[in-house]
Amino acid sequence: MNRRLFLAALPAALVAGCGFQLRRVADLPFASLYVEATPGSVVAQRIRSLLTANKQTRLVATADEAEAVLKITREERTRVILSLSGAGRVTEYRLGLRLSYSVNDKAGLDLAAPETIELTRDITYDDTKVLAKGAEEQLLYRDMDDNAALRILRRLQNLKPGIGAS
């Protein structure tokens, strides 16, 4: 019994001893942030949830209270046919997410130049598996949303408050 307990605890002790930590959002250089986006913006919701878990940067209700304002001006999803079968049926799609954003200070001055993020994923399609392929498509869109949110947060981490657009 003691041997099994030792063997089970050994990997945990090794991982803890090497300095391993779960991935988390690093601290932002702003004490408060306001996220301005269209209602229903999935990327904005993801950014808010990541920052809420962070606890260092406070999300505020209005832009007047914020040290920095993140404006997501465009969030567009696309679905383009990539290939067709000999019978004229779709066999592949390219899913896309195009997102534009900017970061301003309280006075409206740019802290970073406006940026556009474009992400794509390819998906095979089989019309005999409509439900499974629909779920796979939603999973790929969620992955792109998470990727875009993390890219925006990494960009925010590298900004210097009080310095103009870089």
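Above this text you will find the structure in question.
Residues numbered from 1 in each chain as written. Predicted model: local features only at pLDDT ≥ 70, side-chain atom pairs only at ≥ 80, totals over all residues. Heavy atoms only, no water.

### Considerations on the packing of aromatic side chains
- This structure, assessed with the given rule, holds one aromatic pair.
- Both rings, one in tyrosine 93 and one in tyrosine 125, keep their centres 5.4 Å apart while their planes meet at 75 degrees; by these two values the pair is edge-to-face. Taken together, the residues tyrosine 93 in strand β4 (residues 90-105) and tyrosine 125 in the loop between β5 (110-124) and α3 (130-157) connect sequence positions 32 residues apart.
- On the accessibility criterion, tyrosine 125 (24% relative accessible area) is partly exposed.
- It is arginine 79 that lies over the ring of tyrosine 93; its NZ or CZ is 4.1 Å from the centre. (Phe/Tyr/Trp six-rings, centres within 6.5 Å; stacked < 30°, edge-to-face > 60°. Helix = DSSP H or I, 4+ residues; strand = E, 2+ residues; numbered from the N terminus. Buried < 20%, exposed > 50% of the residue type's maximum accessible area, 1.4 Å probe, protein only. Lys NZ or Arg CZ within 6 Å of the ring centre and 35° of its normal.)

### As for the pairing of strand β1 (residues 32-36)
- Burial within β1 is extensive, with four of its five residues counted as buried.
- One ladder, built from two bridges, connects β1 with strand β2 (residues 58-59); its direction is parallel. Residue pairing in the sheet places leucine 33 in a bridge with leucine 59 of β2.
- In this fold, the crossover linking β1 to β2 by way of helix α2 (residues 42-54) has right-handed handedness.
- Relative to strand β3 (residues 68-84), β1 runs parallel, the two sharing four bridges. Residue glutamate 36 lies in a different strand from β3, and its bridge partner there is lysine 71. (Pairing = 2+ DSSP bridges. Right-handed = clockwise from strand over helix to strand, strands pointing away.)

### Focus: the sheet that holds β2
- The five strands lie next to each other as β2-β1-β3-β4-β5, forming an open sheet whose pairing is mixed. Looking at the sheet topology across the chains shown, the edges are occupied by β2 and β5.
- Along the sheet, α2 makes contact with β1, β2, β3 and β4, crossing β3 at roughly 130 degrees.
- Lying over the sheet, α3 contacts β1, β3, β4 and β5, oriented at roughly 160 degrees with respect to β5. (Contact = heavy atoms within 4.5 Å. Axes fitted to C-alpha atoms, helices over the stretch in contact; angles between N-to-C directions.)

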